[in-house]
Amino acid sequence: MISAVSLAPLAVALPILGAAVAFVLRRHKRSQRAVTISTLTLTLLLECWLLAGAWTNGAQAVLIGGWAPPFGISMVVDEFSALMLVVSTAVSLAVLLYATAQGMADGDDDGPISVFHPTFLILVAGVSNAFLAGDLFNLYVGFEILLTASYVLLTLGGTTARIRAGVTYVVVSVVSSMLFLISIGMIYGATGTVNMADLGVKLGQLDEGTQMVLHLMLLVAFGIKAAIFPLSFWLPDSYPTAPAPVTAVFAGLLTKVGVYALVRTETLLFPGDRINSLLMVVALMTMLVGILGAIAQADIKRMLSFTLTSHIGYMVFGLALGNLAALGATVYYVAHHIIVQTSLFLVTGLIERRAGTSNVDRLGSLAKLSPVLAVLFFIPAMNLASIPPFSGFLGKLGLMQGGVELGTPLAWVLLAGAVATSLLTLLAVARVWNRAFWRKAEDAENPDPLLLVGAKDGGRVTTYSHVANFPTSRYSDRGDTQLLPRTMVGSTAALVALGLALTVFAGPLFQLSDQAARQMMERTPYIEAVLGPQEGTP
Amino acid sequence: MSVNVVMLLVMGVLFACGVYLLLERSLTRVLLGLVLISNGVNLLLLTAGGLPGMAPLYDSAIEPGAYSDPLPQALILTAIVITFAVTAFLLAMIYRSWVIARRDEVVDDVEDRRVAEQSHFDFEEDSEIEADTTEFTSEDDDAAARAKAAVAAERRQASAEESAGTSDESRNREAR
């Protein structure tokens, strides 16, 4: 019987193979869709198996090509990476179904959209590679795979707005990758290894100043990717212009890969509380600046991009506290945030489809026009604002307990900041709710014609053809296109339900994340999984 | 660890020129800056492997210390390939930007400007509710209707001003 962990490389190889097949089949839409969706489903099943293995056996490593540990490439599956794999692939699958349904509903089978499916699979492969990477350079390669795929997805179609956003995004990402590569070069020069377990042993033997330089280099490189305060300017600038499913998957996954790398840096490579105070200040600024930005926005996508950067602050907060309770809550919070943020972006895509715009000044009446949409927005929005009993509340409760346990004055300031951010998030989503869903469309400043038009027979407006004869409509030549295709609503609902499942199964999940946190704090299970039993505990 | 001073100097010059070009507004220069920086990083990786030695092909007669370190070379090879792909993509994007906008520059975000210029007074949330909100307004219906009309007029005026302002702004930009 082969163990699950020896199949871990398949989590990267399967999507890449699927991407190759999907690219070959670019002229055959139907089979391309089938290949992409089945590949991702298969990957998800494999990763569930990996998670089950990690849950019972703890950290395990697979040595690729059979090379001895510090020299060859190793992939490590522990509780944290397995959980991230499962959550990220589940979210990607939902987004893929949504995007496929959107493409089918719009009938845009030609043009650059044919590269969407292969590129999406490559993005998933890159994310999986980053989560599984057991050495720094493999982590870098994982980042590059997912970033290159994300460049293509972000500029899909090559319109003026997307090219403008793409330029900022690509240049900032490349600079952060360069910083990461410079850090790898310096770390290799200092220790002679890039294997993370080996580094966990050897970095501690360097002198304090060198450690500090290497630590801060990595912090800046990952900080840009995770969009932490002074380095988060690029995110709200570039994400909102992309197509809805692309923004959704970016919001869910890309920054979290940065957070994952930060967690590994802080726990495995540079343990101890050397820069925890700095991280706490940074976390506070990330939370507050992000959420104040969110309140100023009129566009829902931009508002959500700002809440995204703001809530990264919570994860940094948990990491900075450096105790078991906080780290466990961080693991849970990352999973929660991936799911909730993605479902909110998907719902925004649906709002944009149903109402013609995502600008709250032009929206109204949506609760009456489409109650399903209202429910789908309300649940993840309240979840984001951490109203009990949703998972956001549980995650933040864990973080706060960690903060109280630490009990320093700075920790109390952060607790206050975290509560304020939570309330301001509630304000931001409540504004969207009041305007887009609750008020009448006639009360809006410049309501979109799509909201005002009624079906001739008094029934529901379900297709664009209802507004086809509207004098200034931009949907005039769209024909009989569905406003809210069932599969799009269905995949969004599945993701919202997954968010609710985080509350229902909070007990086992918290047990898992605590186990993950304990394992990361101890460090020895990870190091021994890769290098074999160590005599002197580092 | 001993290093080659010439390599360090070349690396420093590459990084300095790269950062300088990266801060320009022209996209082509930004791209050139990125290319220079990535070459600087490749040299850094090479330097991290220590002084050059024999080609790392195994021979039992050679001391292990006499080989040059093969790992940085493998890393550089990967890094070169990645830079190549990213450069190609950036070139395509710059060309696209040139085709659609005839400009080779980093452009400001219009929505950012709009948010920065919006007044912090919000009709929906901040205006005084002039109409009496109580349910017992049998004789004041006319007054309420008048107040509502006044608010609507005010809002129309404000939005007209705002749109005039933004069109001025765009005209200025065109002129520039």
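My aim in this report is to walk through the structure given alongside it, one point at a time. Each chain carries its own residue numbering, running from 1 in the direction its sequence is written. In the order they appear in the text, chains get letters beginning with A and ligands get numbers beginning with 1. Selection of residues for local features in this predicted model requires a pLDDT of at least 70, selection of side-chain atom pairs for listing and counting requires 80 or more, and totals for whole chains, interfaces and linings are taken over all residues. Values shown for side chains rest on all heavy atoms present in the structure; no hydrogens or waters enter the calculation.

## Some remarks on helix α10 (residues 244–269) of chain A
All names here are of chain A. Cut-off, in case you're wondering: Only DSSP runs of H or I covering at least 4 residues are called helices, and only runs of E covering at least 2 are called strands; the numbering of each starts at the N terminus. What a helix is expected to span follows from its residue count: subtract one and scale by 1.5 Å. The bend reported for a residue corresponds to the angle between axes fitted to the seven residues ending at that residue and the seven starting there. The cut-offs for exposure are 20% and 50% of the maximum accessible area for each residue type, with area from a 1.4 Å probe on protein chains only; residues under the lower value are buried, those over the upper are exposed, and the others partly exposed.
Spanning 26 residues, α10 covers 37 Å between terminal C-alpha atoms, matching the ideal 38 Å at 1.5 Å per step. Along α10, the sharpest change in direction is near 35 degrees and occurs at F250. Where burial is concerned, most of α10 is hidden: 26 out of the 26 residues are buried.

## As for the side chain of S238 of chain A
Residue and element names in this part refer to chain A. Inclusion rule: N or O atoms within 3.5 Å of each other form a polar contact, as long as, within protein, one can give a hydrogen and the other can take it, and as long as residues adjacent in sequence are counted only when both atoms are side-chain atoms. Residues count as neighbours in contact if any of their non-hydrogen atoms are within 4.5 Å of one another.
Tracing the backbone through its elements, the reader meets S238 in helix α9 (residues 234–238). Here S238 falls in the buried class, since its relative accessible area comes to 0%. A polar side-chain atom of S238 sits 2.9 Å from the main-chain carbonyl oxygen of W234. Setting aside residues up to four positions removed in sequence, S238 forms contacts with L154, A165 and Y169.

## With respect to the environment of A261 of chain A
Residues and elements named next belong to chain A. With respect to the helices and strands, A261 occurs in helix α10. Look at A261 and you get buried, because its relative accessible area is 2%. The sequence separation of A261 and L139 amounts to 122 residues, and the corresponding C-alpha distance is 8.3 Å. Contact partners of A261, with chain neighbours within four places excluded, come to L139, F143 and F222.

## Concerning the pattern of salt bridges
All names here are of chain A. Heads up, the rule is: The term salt bridge refers to a pairing of a side-chain nitrogen on Lys or Arg with a carboxyl oxygen on Asp or Glu at a separation within 4 Å.
Tallying each qualifying case throughout the model produces seven salt bridges over all chains. Measuring nitrogen to oxygen at the nearest pair gives 3.3 Å for the salt bridge that ties K202 to D198. With K202 and D198 both in helix α7 (residues 196–202) and four residues apart, the pair spans about one turn of that helix. A residue is classified by how much of its surface remains accessible, and K202, at 29% relative accessible area, is partly exposed.

## Description of the packing of aromatic side chains
All names here are of chain A. Selection criterion: In summary, the pairing rule links any two rings of Phe, Tyr or Trp, Trp by its six-membered ring, whose centres are within 6.5 Å, and it sorts them by plane angle into stacked for under 30 degrees, edge-to-face for over 60 and tilted for everything else.
By the definition in use, this model includes 21 aromatic pairs over all chains. Seen from their ring centres, F143 and F180 are 5.9 Å apart, and the 85 degrees between their planes marks the pair as edge-to-face. One end of the pair, F143, is in helix α5 (residues 136–154); the other, F180, is in helix α6 (residues 160–191), with 37 residues separating them in the sequence. F180 sits in the buried class, given a relative accessible area of 0%. Taking 4.9 Å as the distance between ring centres and 65 degrees as the angle between the ring planes, the aromatic pair formed by F180 and F222 counts as edge-to-face.

## Brief notes about the interface of chain B and chain A
Quick note on the threshold: The term buried area refers to how much accessible surface (probe radius 1.4 Å) is lost by two components on association, counted for both of them together. In this count, Pro and Cys sit with the nonpolar residues alongside Ala, Val, Leu, Ile, Met, Phe, Trp and Tyr, while Asp, Glu, Lys and Arg are called charged and the others, Gly among them, polar.
Every contact between the two is made by 42 residues of chain B and, on the other side, 38 residues of chain A. With both sides pooled, the region where chain B packs onto chain A buries about 3400 Å², and carbon together with sulfur makes up 70% of that total. Taken as a group, I82, F89 and M93 of chain B account for 15% of the area that chain B buries against chain A, more than any other trio of residues on that side. The interface formed by chain B and chain A includes zero salt bridges. For the pair chain B and chain A, the interface holds one residue pair in polar contact (both at pLDDT 80 or more). When residues of the side of chain B that touches chain A are traced back to their parent elements, those giving at least two are α1 (5–22), α2 (27–48), α3 (70–101), α4 (110–117), α5 (123–126) and α6 (141–175) of chain B. Among the elements that make up the side of chain B that touches chain A, the one with the highest residue count is α3 of chain B (14 residues). Of the residues assigned to the side of chain B that touches chain A, the class counts are 24 nonpolar, seven polar and 11 charged.

## Some remarks on the environment of L46 of chain B
Residue and element names in this part refer to chain B. As for its placement among the helices and strands, L46 is situated in helix α2. A relative accessible area of 36% means that L46 is categorised as partly exposed. With 20 residues separating them in the primary sequence, L46 and A66 have C-alpha atoms 16 Å apart. Ignoring anything within four residues of it in the chain, the contact list for L46 reads M7, Q73 and I76.

## Here we look at empty space enclosed by the protein
Residue and element names in this part refer to chain A. As a reminder, the rule being used: Only protein atoms enter the 1 Å grid used here. Points where a 1.4 Å probe fits but cannot escape make up a cavity, open sets with protein on both sides within 12 Å along at least five of seven lines make up a pocket, and a residue lines them when an atom lies within 4 Å of a point. Grid points are joined across faces, edges and corners, and a volume is the space filled by probe spheres set on the points.
The tally for this structure, following the rule as stated, stands at five cavities of 30 Å³ or more. A volume near 100 Å³ is recorded for the largest cavity. Every residue along the wall of the largest cavity is listed here: F143, L146, L147, Y169, V172, S173, S176, I224, K225, W234, Y239 and L254. Mapped onto the lining of the largest cavity, the elements with two or more residues apiece are α5, α6 and α8 (208–226). Considering every element that reaches the lining of the largest cavity, the biggest residue donor is α6, with four residues. Here the lining of the largest cavity is composed, by residue class, of nine nonpolar, two polar and one charged. Lining the second largest cavity we find A294, I295, Q297, A298, D299, I300, M303, V360, A428, R431, V432 and R435. Mapped by element, the contributors of at least two residues to the lining of the second largest cavity are α11 (276–296), α12 (300–321) and α17 (409–438). Of the residues assigned to the lining of the second largest cavity, the class counts are eight nonpolar, one polar and three charged.

## Brief notes about a nonpolar patch on the surface
For clarity, the threshold we go by: Here, patches come from residues exposed beyond 30% relative accessible area and free of salt bridges, joined within 9 Å for like charges and within 5 Å for nonpolar side chains (Val, Leu, Ile, Met, Phe, Trp, Tyr). Only the protein chains shown count as cover for residues, and the accessible areas themselves come from Shrake-Rupley with a 1.4 Å probe.
Taken together, the side chains of Y95, W98, V99 and I100 of chain B present a nonpolar region at the surface, about 390 Å² in accessible area. Here I100 of chain B is to be found in helix α3.

## A short note on the packing of α12 of chain A against helix α16 (residues 391–406) of chain A
Residues and elements named next belong to chain A. Here is the rule we go by: Inter-axis angles, ranging from 0 to 180 degrees, are taken between N-to-C directions of lines fitted to C-alpha atoms, where helices are fitted over the stretch in contact. Helix crossings are classified by the rotation of the near helix relative to the far one: an anticlockwise turn of less than a right angle makes the crossing left-handed, while a clockwise turn makes it right-handed.
At a minimum axis distance of 10 Å, the contact between α12 and α16 shows a crossing angle of 40 degrees. For the pair α12 and α16, the crossing hand works out as left-handed. In this structure, α12 contributes H311, Y314, F317, G318 and L321 to the contact, and α16 contributes K396, L399, G402, G403 and L406. Looking at the contact of α12 with α16, its residues break down into five nonpolar, four polar and one charged.

## Some points on unusual backbone geometry
All names here are of chain A. Here the bond from P388 into P389 is cis, since omega is 5 degrees, no more than 30 degrees from zero. Tracing the sequence through the fold places P389 in the loop between α15 (371–384) and α16. Positive phi values are uncommon outside glycine, yet S386 reaches one of about 60 degrees. Looking at where S386 falls in the secondary structure, it is placed in the loop between α15 and α16.

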